[in-house]
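Given next are the chains, with one letter for each unit.
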Amino acid sequence: AVLGPGSHTLELGLERFLPGTGVRSIACKVGCRVLVSPLFLSLNFGSLAALRGQDVSAQLRSKVFPAWQTGCFFWPAVATLTYKFVPLLARPAAGSAVGCAWSCYLSLVAHR
């Protein structure tokens, strides 16, 4: 319930402060997303661990960094294409579509 609105707010903020589809604008947006992603991953893995009654701190230490590393190969390419070719109002839908595959990956990581 937190990740969707947080991600949407991030996208609106990035577009407000870094408007456009030029190389510099896109590179800055992608860089911001890479820097913010550990927070979103921590919320994801932390909430799952808490719901399962597991040690949240241990789960964060063991899961966030490997998922972030993998995400650094996956999401920058997706984000670059999205910022370049997808209109702002369609980005949440495009992100959600690609996010289904990412969620499957995170589920696999969370259950290891």
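As a starting point, this report considers the structure included with it. (Residues numbered from 1 in each chain as written. Predicted model: local features only at pLDDT ≥ 70, side-chain atom pairs only at ≥ 80, totals over all residues. Heavy atoms only, no water.)

### What about the side chain of Lys 29?
Then, in step 1: Tracing the backbone through its elements, the reader meets Lys 29 in helix 2 (residues 23-52).
Then, in step 2: Reaching out from Lys 29, the side chain makes a polar contact with the backbone oxygen of Leu 18 at a distance of 3.2 Å.
Then, in step 3: Residue contacts for Lys 29: discarding those within four places in its chain leaves Leu 14, Glu 15, Leu 18, Pro 19, Gly 20, Tyr 83 and Arg 91. (Helix = DSSP H or I, 4+ residues; strand = E, 2+ residues; numbered from the N terminus. Polar contact = N/O pair within 3.5 Å; in protein donor to acceptor, adjacent residues only side chain to side chain. Contact = heavy atoms within 4.5 Å.)

### Examining the pattern of salt bridges
Then, in step 1: Applying the stated criterion to the full structure yields three salt bridges.
Then, in step 2: Between Lys 29 and Glu 15 there is a salt bridge, with its nearest N and O atoms 2.7 Å apart. On the criterion of sequence distance, the pair formed by Lys 29 in helix 2 and Glu 15 in helix 1 (residues 3-17) is long-range, its members being 14 residues apart. Pair check on accessibility: Lys 29 and Glu 15 agree, each one buried.
Then, in step 3: Each member of the salt-bridge network shares a partner with another, and the members are Glu 15, Lys 29 and Arg 91. (Salt bridge = Lys/Arg side-chain N within 4 Å of Asp/Glu carboxyl O. Buried < 20%, exposed > 50% of the residue type's maximum accessible area, 1.4 Å probe, protein only.)

So far we have only geometry, and geometry alone does not tell us how the molecule works.
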